[in-house]
Each structure stands twice: as structure tokens, then as C-alpha cells.
Amino acid sequence: MPFWSPLALLAVALGLVITHFAVPTTRAWMWKASAVVGLGALALLLYLGLIWAPPEAFMSDVGRILYVHVPFVWMCMIAFTLNVGCAIAYLMKKSWRTDALAESTAEIGVMFGAGGVLMGSIWARPTWGVWWDWDPRLISTAVMLLSYVGYLAFRSFTEDPERRATWSAAASILGYVSLPIVWFSVRWWNSLHQVQSTSQSLDSQMRIVMWWGTVTMLFFLFAFVVKRYEIARSRQSSALEAPPEAPRQEVAA
Amino acid sequence: MKPFLLSRPVLLLSLWAARALAEEAPAPVHPAGIEKAVPSGVIEGGWGYVYAAYTVALAGLVFYALSLWTRRPGAQPPPPGDTP
């Protein structure tokens, strides 16, 4: 894949989220449309991935796991990038909305990441001969996921909403350090995991299916973010009797 | 006196023998030239792993969507003593 592919995906995800919040008329229907289109795209992905795509040159049919494993991991990384963006935005200008969005993206990122790791483990058994290996890519991914599980645990254990928002924003920034390590681990170290596929290393049919899978998961990511955000906002309303638009701003002495 | 092994005829003979042995050795299967120690060939079968991975993907999406549905605002009734 070209180096700009993840950035393009991130831009599309960001565009969808910003459109949802900035254009009130889209709030009622855009997530529903995204979910419906995602379901249709998922049905087609099953056909494309299991039947239409050619077998991989060395892994044969086992290589078909690529079309669900990679999109899941990419959605995880996009969700965590949105999360750290919200965390930075919260620290710059305190807002319950960005805090709620950070919470939702972290949970969705963990869900996609855990799914991606589980599928990777299933893929590793017939190709590497083991379910798990203490490989740089796998270790860094596990550390990244655990750091965000800790982030979510911290949020659920902390009662004070302001403290929760501020400290979890700091934890998010710290946790995000692991993401570039995960991405570049296969290049920096001698990893059992293959390096990122390129346009030259993927057959055109395989490339189409992988992108189809990625776009499919992007639809689900957006719909999940919208619904999870509503849950987070509802909990904020319950925690704060009259939820203000923004937490208290510290007044400089 | 020159060591015997470094004399020119023996050195040339050794190089010729090494080259002949290398030419007789089977070429690596992988076009990129992976070392012979790396197993080569194509994995046969494995559909069970493919179905398992796709099931994990579908189950992840379905169960997370269900969890969002059950946690949606207003889904849980207020506790019995909470009414005014």
C-alpha cells in the first residue's frame, strides 16, 4: 500500500465525524446510512474475500484472512489516532464533547484491535506454526492494546468527571506513543511478521478486496463512534446534574 | 617457504570444486532467493482457519453493535425507588 493510504483513511474518518457534528441535518441519517451501507458492503466482502479473490502464492487460501485482519487493525489505529486528537483538543480547550468522543474512540479502537490480534493469532497458526510468538510486532501491539484497556479502566474507576477527563487525556497521549512503534516495528526489527504490503507485492484483485474490506470497516467505525458518543454524553449528563458545555476553566491568579 | 594451501594450483582447484558443487545444488524455490533453511512450498487447505477468522470478525461487529444497543440512552429503566 502507498505510504499515504493510512493518512487518507484517517482523513475520511475525520471528515465523516466532523460532518456529523458540524452539520446538524446529517446527524439523524448519516450514521444510519453508514450502518446500512456497511452491512451491504460486509455481505459483498464475504463473497469477495472467500470466493472471488485468488489464493495467495505461498499461503494459498489461508491468505484470505488478510481481508479482515488488516482492516480491523487499521480501524484500531484510526480510532486511537482520533482518540489522541480528542485528548489534545481537550487539554487545549476543555469540552465535555471532546472528552466523550475520546472515550468512544478508545473503546472502539480496543474492540477492533482485539479482533485484529485474535484474527492474527488464527492466521499465525498455519503459517508460523504457533498461535503466538514474542515478536516485536506482536509485543508492541499487545502493549498498545493493554495501554488503552488501562485507559478505559481508569475512566471507569474515576468518579470525578473533570479529573477523569484531564488524566485520561494525558494517559491517551502517553499510550499513543506505542502506535508508531507498532507501525514501524516490522521495519526497525527483524520481525516474523511481514512488512506492510505494497502495490507491487499485492495482486490487483487482492488489493481491491483489501480496500473493500477497509472501506466496509470504516462505515462501521463511523456508525459505532456516533452511537458510543451518545452513550458517553448520556453518562456525562447523569454524572453532572446540569452538564455545562465545558468544565471549569482555571483562572490565572 | 609458501604454505601448501596457498599455492596457486591448489587454490584454483579449490575454487573450481566449490563452484561445481554450488552449481549442482538445487536453486532456492523462492524467486527472491530466500535461504534454503527457510521452509518453502504452499500451504494446503486451512479453510478452517479462514472460517474461524471471518467468524471472529463478524462476531466482533455483531456483539459490539448489540452492546451499543443495550447501553443506548434510555434503554435501562430507572430503579424502583427513583420515581418522584
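Residues numbered from 1 in each chain as written. Chains lettered and ligands numbered in written order. Predicted model: local features only at pLDDT ≥ 70, side-chain atom pairs only at ≥ 80, totals over all residues. Heavy atoms only, no water.

Participant: Which parts of the structure should I look at to understand the overall build of chain A?
Facilitator: If you tally the helices and strands in chain A, you get 8 helices and 0 strands. Along chain A, helices and strands appear, N-terminal first, in the series α-α-α-α-α-α-α-α. Its C-alpha atoms give chain A a radius of gyration of 19 Å, near enough to 18 Å, the size a compact globule of 253 residues would have. Dimensions of chain A along its principal axes, counting C-alpha atoms only, are 65 × 40 × 30 Å. Residue burial in chain A is summarised as follows: out of 253 residues, 49% are buried. Here chain A holds 18 positive side-chain charges and 15 negative ones, and the gap between their average locations is 4 Å. (Helix = DSSP H or I, 4+ residues; strand = E, 2+ residues; numbered from the N terminus. Rg over C-alpha atoms; globule rule 2.2 N^0.38 Å. Buried < 20%, exposed > 50% of the residue type's maximum accessible area, 1.4 Å probe, protein only. Lys, Arg positive; Asp, Glu negative; His and termini not counted. Charge placed at Lys NZ, Arg CZ, Asp CG, Glu CD.)

Participant: Explanation requested: the side chain of A:Ser34 in the structure shown.
Facilitator: All names here are of chain A. Mapping Ser34 onto the fold places it in helix H2 (residues 30-52). What makes Ser34 buried here is its relative accessible area of 5%. From its side chain, Ser34 meets the backbone oxygen of Phe219 in a polar contact 2.7 Å long. (Polar contact = N/O pair within 3.5 Å; in protein donor to acceptor, adjacent residues only side chain to side chain.)

Participant: How should I be thinking about the side chain of A:His69 in this particular structure?
Facilitator: Residue and element names in this part refer to chain A. Tracing the backbone through its elements, the reader meets His69 in helix H3 (residues 66-92). Under the relative-accessibility criterion, His69 is labelled buried at 11%. Apart from the residues lying within four places of it in its own chain, the contact partners of His69 are Gly116, Met119, Gly120, Trp123 and His193. (Contact = heavy atoms within 4.5 Å.)

Participant: In this structure, what is going on with the interface of chain A and chain B? I would like to understand it.
Facilitator: Between chain A and chain B, the contact holds 36 residues from the first and 24 residues from the second. Both faces considered, chain A and chain B share a buried interface measuring about 2600 Å² in area, 79% of it formed by carbon and sulfur atoms. Here chain A is connected to chain B by 1 salt bridge. Here B:Arg71 makes a salt bridge to A:Glu107, at a shortest N to O gap of 2.7 Å. Applying the counting rule to chain A against chain B returns 4 residue pairs in polar contact (both at pLDDT 80 or more). Within the residue set of the side of chain A that touches chain B, elements represented by two or more residues are H2, H3, helix H4 (96-128) and helix H8 (204-239) of chain A. (Buried area = accessible area lost by both parts, 1.4 Å probe. Salt bridge = Lys/Arg side-chain N within 4 Å of Asp/Glu carboxyl O.)

Participant: Can you help me understand the packing of aromatic side chains in this one?
Facilitator: This structure, assessed with the given rule, holds 13 aromatic pairs over all chains. Considering the side-chain rings of A:Phe80 and A:Tyr148, the 3.7 Å spacing of their centres and the 5° angle between planes classify their relative orientation as stacked. With A:Phe80 in helix H3 and A:Tyr148 in helix H5 (residues 136-157), the pair connects residues that are 68 residues apart, well separated along the chain. The buried category is assigned to A:Phe80, whose relative accessible area is 0%. Taking relative accessible area as the criterion, A:Tyr148 reaches 1% and is therefore assigned buried. Both rings, one in A:Phe224 and one in B:Tyr64, keep their centres 5.0 Å apart while their planes meet at 75°; by these two values the pair is edge-to-face. With one member in each of two chains, A:Phe224 in helix H8 and B:Tyr64 in helix H2 (residues 47-70) form a pair that bridges those chains. For B:Tyr64, a relative accessible area of 7% translates into the label buried. By the ring-pair criterion, three or more aromatic residues cluster together here, those being A:Phe72, A:Phe112, A:Phe220, A:Phe224 and B:Tyr64. Taking the ring centre of A:Trp31 as reference, the NZ or CZ of A:Lys227 above it sits at 4.1 Å. (Phe/Tyr/Trp six-rings, centres within 6.5 Å; stacked < 30°, edge-to-face > 60°. Lys NZ or Arg CZ within 6 Å of the ring centre and 35° of its normal.)

Participant: What am I meant to see in the nonpolar core here?
Facilitator: Within soluble globular proteins, side chains that are nonpolar generally end up buried alongside one another. Counting residues in each nonpolar core, the largest one holds 67 residues, and the members touching the most others are A:Tyr67, A:Phe112, A:Met217, A:Leu221 and A:Phe224. Taken together, the elements giving at least two residues each to this core come down to helix H1 (5-22), H2, H3, H4, H5, helix H7 (178-188) and H8 of chain A together with H2 of chain B. Setting aside anything within four residues of it in sequence, one finds A:Phe112 in contact with A:Phe72, A:Met75, A:Cys76, A:Met217, A:Leu221, A:Phe224 and B:Leu61. (Core = buried A, V, L, I, M, F, W, Y, C linked by side-chain atoms within 4.5 Å.)

Don't take any of this as a statement about function, it's just geometry.
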